[in-house]
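A look at the structure
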Amino acid sequence: MKNISTIAFSGGVGGAKLALGLARALPPDELLIVANTADDFDHLGLHICPDLDTITYTLSGRANRSQGWGVEGETWNCLEALYELGGPNWFRLGDRDIATHLYRTQRLREGARLSEVTAEICVAFGIAQRVLPMCDDPVSTIVGTAEGELPFQDYFVRHRCEPRVTGFRFAGADRATMHPELGAAFDSPDLRAVIFCPSNPFISIAPMLAIPGMTEALLSIRAPIVAVSPIIGGKAVKGPAAKMMSELGLPTTSLSVAKHYSDLATAFIVDEMDSDEVACIRELGLACEAMPTLMNNDDDKLRLARSVITYCHDLSR
Ligand code: FO1
């Protein structure tokens, strides 16, 4: 971990897009991508890690970009055959995706740690960057809703994020241990940036920050901590972040997300569409810049990654 210059905290789709940009902008041994694993669950006997897989599929060029999860050019033979048998098909597992879950589940049963299995998957996929689960311990997001508590994938996929959200808890987080590789990266003499990717602050970044010692470790580093807003023009680029914010009584603005991070982050990046919020965000005590943050193609991802890196380096001068 000696060479790590940049640590990126990422959830699924939006985070993985910036992670890909960072992977193209930096030498591979300088980047550590930390993935949320509180969306993980056991389904049909398989251990599914949606955000880790979105990141490894994205970095290896396998991701189904339009769907936002799973593998491009996927077939569904196994799911269809399972459904004919009376099995569940609410959580759609494609044939190639199932191979990833089978491999991971088998290796975990053999006693491997999730971080080891993830490293093996990265090697198999030709990914040179280190992708690290937020911890090797089981942590599960439980969504508080007006209809009662729901396990995350029940809320997200089975109920299509429809129930009104009242809060979140991260079961198991209090017993989780920060991965030693992440601890070592925080101590890297070369560390120049910690980036919170434009992922959902409540269900993607918050579980990682709930791991004991994580916020303390972040507060102790000298490198800037820069968060990229997942909200543009009052809307989430993808996913339920804006809906969750309004249900929690928060304005659906970048300013609102900046307030959420203000005790921890050094700086906040908003899209140029929200440049009128920059002054208010600076009043929170955060450095703030507006720049184009929408990532529609690989050029956008690389451009944003380069801008964020340059901004971080300017901040640490
Ligand atoms: N999301 C859906 O909306 N519907 C699905 O059927 C679905 C299946 C699925 C299978 C594997 C996987 O890794 C992810 C999958 N997702 C699906 C996405 C996942 O539920 C969410 O994107 C994340 O948990 C939120 O980041």
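Data block above holds the structure.
Predicted, not measured: the structure shown is a model, and the values here were computed from it. (Residues numbered from 1 in each chain as written. Predicted model: local features only at pLDDT ≥ 70, side-chain atom pairs only at ≥ 80, totals over all residues. Heavy atoms only, no water.)

**Overview of the site of the ligand**
Counted only if it meets this: Residues are counted as near a molecule or strand when any one of their heavy atoms sits within 4 Å of it. Here a polar contact means two N or O atoms within 3.5 Å. Within protein one must be a hydrogen donor candidate and the other an acceptor candidate, and residues neighboring in sequence count only if both atoms are side-chain atoms. Residue exposure ignores everything except the shown protein chains as possible cover, and the areas themselves are Shrake-Rupley values with a 1.4 Å probe. Secondary structure counts use DSSP, requiring at least four H or I residues in a row for a helix and at least two E residues in a row for a strand, with both numbered from the N terminus.
Of all residues adjacent to the ligand, which total 13 residues, the nearest are D39, D51, F91, R92 and Q153. At 2.8 Å, a side-chain N or O of D39 approaches an oxygen atom of the ligand. In this structure, R92 approaches the ligand through a main-chain N or O atom, which is 2.8 Å from an oxygen atom. Protein contacts shield 88% of the accessible area of the ligand, which totals 530 Å² for the unbound molecule. Those elements giving two or more residues to the shell around the ligand turn out to be α2 (50-59) and α6 (152-158).

**Points about the packing of helix α8 (residues 201-209) against helix α11 (residues 254-261)**
Applicable threshold: Every axis corresponds to a line fitted to the C-alpha atoms, with the helix fit spanning only the stretch in contact, and the corresponding angles, defined between N-to-C directions, vary from 0 to 180 degrees. For classification purposes, an angle smaller than 35 degrees is called roughly parallel, one larger than 145 roughly antiparallel, one from 65 to 115 roughly perpendicular, and anything else oblique. Definitions for this section: a left-handed crossing has its near helix turned counterclockwise from the far helix by less than a right angle. A right-handed crossing has that turn clockwise. Residues are treated as being in contact if the distance between any of their heavy atoms lies within 4.5 Å. As a working rule, the residues Ala, Val, Leu, Ile, Met, Phe, Trp, Tyr, Cys and Pro are called nonpolar, Asp, Glu, Lys and Arg charged, and the rest polar, with Gly in that last group.
Following both chains from N to C, one finds α8 and α11 inclined at 15°, their axes separated by 12 Å at the closest point. Looking at the two axes, α8 sits roughly parallel to α11. Here the hand of the crossing between α8 and α11 comes out right-handed. Between α8 and α11, the residues in contact are P201, F202 and I205 and V257, H260 and Y261, respectively. Tallied by class, the residues present in the contact of α8 with α11 amount to 5 nonpolar, 1 polar and no charged.

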